[in-house]
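Coordinate inspection notes
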Amino acid sequence: MTSPLPTPTSGASDWRSYRALSLPNGLTLLLAHDPNSEISAASVSVPVGAGHDPESMPGLAHYCEHMCFLGSEKYPEENAYKKLLAAHGGKSNASTSMERTTYKFDVTAEHLPEVLDVFAQFFIAPTFTESGMGREVSAVDSEDSKNRTADGRRRLQIMKDIARPTPGGYSKYSTGNKTTLMPTPADVSRTRQALRYFYWLNYSPLSMSCVIIGPQSLDELQALAAPLLERIPVDRPEPEGVEEAIKEEARRAKASVPPIRPPKGRAPAFRSSWETPYPHLLTTLPLRSMRKLYLSFPLPPQRHKQDLSPLRLVSHLLGHEGAGSSFAALQDASLITGLSSGTRMEDSTQALFAVDVTLTAAGESRWREVVQVLLDHVKLLRDLSSRPGSRAALAERWSEVCRINAMNFDQNSPSSPYGAAPSIAQRLHVYGTEEVLRVGYMVREKDKFPGKDLEAVLSLLDADNVVVERCSKLAWEDAMGVEGTVKKTEKHYGVEYALTPIASELKKWMCSTSPLSSSLKLPEPNRYIPRSLALHPSLPPEAHKPRLDHPIAPPRLIDDDPGRGRLYFRQDDRYAQPDSSLSLLIRNPFIQHEEGAEDGTFEYSVENQIITSLFTDVFNHALAQETYDASLAGLGFDFACTSAGIHLNVNGYSDRLDDFATKLLNLVMNPHALVEDNIVDALRERKLRKFRSFHKERPDSHCSYYISAFFGPEKQPVEDMERILERVDKNALLEHLQKMLNPRNVILECLYSGNLCEADALKFWAGAKKIVFGSAQPAAESLYARLKFVPGSSYRVLPPSTDYEIHQQSMNEDEENGAVEFCFQSNKESYIGEKLGSDEALRETAALRLLAAMLREPIFNELRTKQTLGYIVSSGLQTNFSSGEICRKVDNFYVVVVSKTLDPVGCGAAVDAFLGGFTETLKNLPQSEIAAHATALSKKLYEPHKRLHSETYEQFRKIQRFAPEVCKGESSPERLAAIPWQSVDDLAGEILKVTRGDLQKCYDRVIVGRERSRVVSFVYGSKFKKEAGKTLGSVPAAAAAKPRFPFAPLSSLLFGRGEARAPRNVEVVEDFQAARVRGRTMTRVDKMGGAAAKRGGGGSRRLLLGLGVGAVVMGGYVLYLVKDKQAREKSELWKGVRRLQLGWGKG
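This structure is a prediction, so every number in the text was calculated from the model and none was measured.

Spatial ordering of the open sheet is given by β1-β2-β3-β7-β4-β6-β5, a layout of 7 strands whose pairing is mixed. The two strands at the open ends of the sheet, each matched to only one other strand, are β1 (3–5) and β5 (91–96). Adjacent strand axes in the sheet meet at a mean angle of 20 degrees, parallel and antiparallel pairs treated alike. Pairing between strand β4 (residues 39–46) and strand β6 (residues 101–108): 8 bridges, direction antiparallel. By the bridge assignment for β6, S40 is matched with V107. Packing of helix α3 (residues 112–124) onto the sheet brings it into contact with β4, β6 and β7 (209–214), and relative to β6 it is tilted by some 165 degrees. Against the sheet, helix α8 (residues 218–229) engages β2 (17–22), β3 (28–33) and β7, with an angle of about 155 degrees to β3.

Printed below as a string of structure tokens:
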């Protein structure tokens, strides 16, 4: 029978309620009622992972995860699950680690019952059809191929290779591929036997955990979930026809895996299996340009200690970035640009603690000294822990860490259902139901300092128990010149690495002390921990509890200071948390522009953009020590420079936010002391290495790179940016800062929201203006006084009936995969808002958004699941803004395929064929399916913000984009009301009105019709060679209709089944520079009105005041701004001007 389990301990700000149950079949079920969500999510975690793989079939657990999705006895259709989710706004994923496999999904709440039923069948009776096995092995193989050019995955395989092989251990190869799973088609029977037996042996409800979160009550969730999940059988019939050798190997693999939370640990994998004892010097050669240093220390397992693990304090102290830390000592010496520490790997038998360092060029040559400082820091902590009189200082730091974590436990609102469900499901295996939410926050550990355990762990962090890894091209060259170096090859990826014995004389320097270590000490008490977590006394009583369904009011403009800026304010009345969020924009056209030929205009400057980007890096790097304590205490900041200006965003606990933001702004406006030669040189060199490593990126990244050349002047060839950056030095940066920070060149936009009152916001604003402008009055000759428009981002629109193709061989010779990306551009303006847009734009945008949502699953199912073109098959919508005198946006629909089984043009033909055939699908699609998609998408758009900073971010983006237009000259309430605060709600409502005719019209216009505009980018991996003259249009129909593709011939589908449409003229563009040349001939999105007028309509828009109402001239219509929409639409004047096509040339 179903029995209750202890209820999880939750934080004070967690609005969810929980119920934990043990079902009759042993499955642990945790239910969570979330009153603030329109979405339900579920996750099942099975404590079975790659450690359970039979030795002869690495990757079987991962393959089993893939195969579970492909149908069950109750729902045999392979895409039943994905199709159902797509129809109701859902999504899904799964993952396999060494210890567990986790499945998850979310969906609009009312459709949870039917999706959960399909989902539960994965664990009741999956079919594992033979027909799907070969295709899914290809999908796993494609995933493996994608991973092989990722440096992180390559290093992981090397670490597995040097680990001591242990049954069920870390060294196992987890992903799998065709070679390990199904070397030949003849092996399909044996692989299916192994798969069925693996599932039967390991997938038991006795060890499964399931988490379901949704707005349904706990009783409703239990009534829905328990009867379904109880059907997962404990005693399944053993699969028949399985060879005894396969059974024996599977049983042996299972028996070798230790339980997920054993009472005692066993011998770890990271004990030296090499000819010499630790320390080891491991050298790896990355594909991308980097300079990394890692210190890895094998340790006994710590998982059973939970929040009393001493590694919580060790990680905090060694990874600290404030004064007295190893990071500060090494950064001040210009040896490193980054440092982090923590548990890199942990299971029930072992832990691997690692320190990860990013070196400068100087640090690369002095890497031994970096190792010395890190080991000196450990020695300092070891000495402190071993002396009773010094332990008190460490105990104080422990107490502070506990205090901060406990504060966050009570103040953090819960994460999204889709993120929370799998995380909780995985943790249930280790911590049980009562502690599953609390463990990790050290709520009860403040006075339980683990002094003895700390001393024991620190004794293992020394030169006799470490793998020192150097990862760079120079390190590889050094290792090859050292006598005794052994060069090895990892067996699965074929990655080379080197092991060098650290001789006794070499070990001496590891044990000696560096002069840089004299500054090492424990961090000072954190001065940013909030003194008060109380809500502001001016907040009304009803807002003292979370009410996320409460409407979000627009911020109010509370100060408009001509020549200096505008302050917007909104007191939080939804979240009931002691948080605030500040967004400050220092507008300055010189950040990414230079003055144009015409007075009052600016043009994009790649030089200014690159220098500004380097300054951003310098600023963030220089502030790392100063801001680290603030980040620990819940204060976060983001500093960035874009085409709009300098962005400073600060969020966190309101008690200290004002002081922190003021300090940051002072540093922004007075950064000259931060700009030192060695820092500029180190960060310029880091950025140059990133440019030089671009050719090692994945082929889909290169596809997007080539497409970007058409659309924006900001997109420059990587080699051009590299050449410009090479010339930038400290003097050039300081010269640029003079223009960037000159008060005459700037104006401010600020939004302050959260747990504060209007007087608090005005006080900060007054201080901010004094920092930026000093005490001087606004200058009459201020740059913004003579600007014709505020420059911003720029994006271009393709002319109608445009087809470009660009074909390039991959710049990465190690990359097997090819890729193709389709970019279909809507040549109509996307909807912005009621008072700055048009009804036509709203209808068109709603139809395109719905189409993109409807296409995602069929594209994936056809190209990824059925045709197995590659692991990466994606599609969606991109929105691009362009700002000039006005701000406009345009949407692009994209499809991306990465494949090593079919060349890029072949993949492109498959995409084109599918899209052509979808015309007929759309024609015959039941209206109920269209309505279901529309309802799901609308609900997702209506989903309210759950966090203050995301709400503030969205509102400030609208201020940034539209305030210069609507507030030019004056900031009256009528003008401010034109900022599209509710545009998402408008779109959500309009999507429900979209008809089949709207979808067909939009699909024809954007995707398949003669007027469509598109760019297709092809990148050829090493398996494919670019052929002269081979384009998408040149592929014969027969070439795209081979038996491997189960769809109609290309000739009948390419331009829509049954429709006699003439093929378009395709222009092949040779390279990035040629694409930029084409781009310069195209109209900017914010100037589309002029282009539209030439096509027989359109025009620009203006906000016209003085007639009692406002009017916007937009897309060939006059829109009158009447607050009451119904009254507006009944107006005879409105009806008349709606019909009036304005011909500007005719007066």
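Next comes the rest of the description.
With that settled, consider the packing of helix α10 (residues 311–318) against helix α14 (residues 391–411). Axis angle and axis distance: for two packed helices, these are the angle between their axes and the distance between the axes, and together they describe the pair. Between α10 and α14, the shortest axis-to-axis distance is 10 Å and the interhelical angle comes to 95 degrees. It follows that α10 is roughly perpendicular to α14 by the angle criterion. Contacts between α10 and α14 involve R312, L313, H316 and L317 from the former and L394, R397, W398, V401 and N405 from the latter. Residues that form the contact of α10 with α14 fall into these classes: 5 nonpolar, 2 polar and 2 charged.

A few words on the pairing of strand β10 (residues 336–346). Both β10 and strand β11 (residues 351–359) contribute to a ladder of 9 bridges, which runs antiparallel. Counted as the bridge partner of E346 is A351 from β11. What sits between β10 and β11 in their antiparallel hairpin is a turn of 4 residues.

Looking now at the packing of aromatic side chains. For the coordinates displayed, the defined rule picks out 35 aromatic pairs. Taken together, a centroid distance of 4.8 Å and an interplanar angle of 80 degrees make the contact between Y81 and F122 edge-to-face. A residue pair is termed long-range when its members are at least 10 positions apart, and Y81 in helix α2 (residues 80–87) and F122 in helix α3 qualify at 41 residues. Accessibility classification places Y81 together with F122 in one group, the buried group. Both rings, one in F128 and one in Y199, keep their centres 5.3 Å apart while their planes meet at 80 degrees; by these two values the pair is edge-to-face. Taken together, the residues span a long stretch of sequence, with F128 in the loop between α3 and α4 (130–147) and Y199 in helix α7 (residues 188–202) at a distance of 71 residues. The same class applies to F128 and to Y199, which are both buried. Aromatic ring contacts, followed pair by pair, group F69, Y81, Y103, F105, F119, F122 and F123 into a single cluster.

Look at α7: 21 Å from first C-alpha to last across 15 residues, which is about the 21 Å you get at 1.5 Å a residue. Turning to α7, its buried residues number three or more, namely V188, T191, Q193, A194, L195, Y197, F198, Y199, L201 and N202. Packing partners of the buried residues in α7 comprise β4, α1 (60–68), α3, α4, α6 (178–181) and α9 (244–256).

With that settled, consider the packing of helix α19 (residues 606–622) against helix α22 (residues 677–692). At a closest axis distance of 10 Å, the pairing of α19 and α22 adopts a crossing angle of 120 degrees. Relative to α22, the element α19 is oriented oblique. The element α19 and its partner α22 pack so that their crossing is right-handed. For the pair formed by α19 and α22, the contact residues are S613, L614, D617, V618 and H621 on the first element and I679, V680, L683, R684, R686 and K687 on the second. Its residues assigned to classes, the contact of α19 with α22 shows 5 nonpolar, 2 polar and 4 charged.

Notably, S334 is not glycine yet its phi reads approximately 60 degrees, a positive angle. Mapped onto the elements, S334 comes out in the loop between α11 (326–332) and β10. Judged by relative accessible area, S334 falls into the buried class, the value being 15%. Despite not being glycine, T868 has its phi angle at roughly 45 degrees, a positive value. On the secondary structure map, T868 appears in the loop between α28 (839–866) and β26 (872–883).

As summarised here, the arrangement of the 7 strands in space is β10-β11-β9-β12-β8-β14-β13, forming an open sheet in which the pairing is mixed. Looking at strand neighbours, the two that pair on one side only are β10 and β13 (486–489), the edges of this open sheet. Put simply, the sheet's adjacent strands are angled 20 degrees from each other on average, direction ignored. One ladder, built from 8 bridges, connects strand β9 (residues 292–299) with β11; its direction is antiparallel. Of the residues in β11, the one forming a bridge with K292 is T358. Contacts from α10 reach β9, β10 and β11, with the element oriented near 170 degrees to β10.

Enumeration according to the criterion identifies 70 salt bridges in this entry. A salt bridge links E626 to R527, with the nearest nitrogen and oxygen atoms 2.7 Å apart. Of this pair, E626 sits in helix α20 (residues 624–632) while R527 is found in the loop between α18 (504–511) and β15 (556–561), placing the two residues 99 residues apart along the sequence. What makes R527 partly exposed here is its relative accessible area of 42%. One salt bridge connects R1014 with D912, and the closest N-O pair in it is separated by 3.1 Å. Within this pair, whereas R1014 is found in strand β28 (residues 1013–1020), its partner D912 is found in helix α29 (residues 904–924), the two being separated by 102 residues in sequence. The two residues R1014 and D912 agree in class, both being buried. Three or more residues joined by partner-sharing salt bridges are found here, namely R291, E364, R470, D478, E685 and R689.

Once that is clear, we can look at a negative patch on the surface. On the surface, a cluster of negative charge is made up of D332, E676, D677 and D729. Within the fold, D677 resides in helix α22. Look at D677 and you get partly exposed, because its relative accessible area is 44%.

For the rest of this paragraph, the subject is the side chain of K769. Secondary-structure assignment places K769 in helix α26 (residues 758–773). Take K769: its relative accessible area is 12%, and that puts it in the buried class. Once you skip the residues sitting within four places of it in the chain, K769 turns out to touch D559, D561, R564, L748 and G774.

What follows covers the nonpolar core. Grouped together as the largest cluster of nonpolar side chains are 92 residues, with contacts concentrated most on I646 and L665. L665 has contacts with L584, I586, L648, A768, I771 and V772, leaving out every residue within four places of it along the chain. Counting 62 residues, the second-largest nonpolar core is a separate cluster that includes Y103, F123, F198 and A226.

About the criteria used
Residues numbered from 1 in each chain as written. Predicted model: local features only at pLDDT ≥ 70, side-chain atom pairs only at ≥ 80, totals over all residues. Heavy atoms only, no water. Pairing = 2+ DSSP bridges. Helix = DSSP H or I, 4+ residues; strand = E, 2+ residues; numbered from the N terminus. Axes fitted to C-alpha atoms, helices over the stretch in contact; angles between N-to-C directions. Contact = heavy atoms within 4.5 Å. Parallel < 35°, antiparallel > 145°, perpendicular 65-115°, else oblique. Nonpolar A, V, L, I, M, F, W, Y, C, P; charged D, E, K, R; others polar. Phe/Tyr/Trp six-rings, centres within 6.5 Å; stacked < 30°, edge-to-face > 60°. Buried < 20%, exposed > 50% of the residue type's maximum accessible area, 1.4 Å probe, protein only. Expected span 1.5 Å × (residues − 1). Left-handed = near helix turned anticlockwise from the far one by under 90°. Salt bridge = Lys/Arg side-chain N within 4 Å of Asp/Glu carboxyl O. Patch = residues over 30% accessible without salt bridge, like charges linked within 9 Å, V, L, I, M, F, W, Y side chains within 5 Å. Areas by Shrake-Rupley, 256 points an atom, 1.4 Å probe, with all protein chains shown as cover. Lys, Arg positive; Asp, Glu negative; His and termini not counted. Charge placed at Lys NZ, Arg CZ, Asp CG, Glu CD. Core = buried A, V, L, I, M, F, W, Y, C linked by side-chain atoms within 4.5 Å.

Keep in mind these numbers describe shape, not what the thing actually does.
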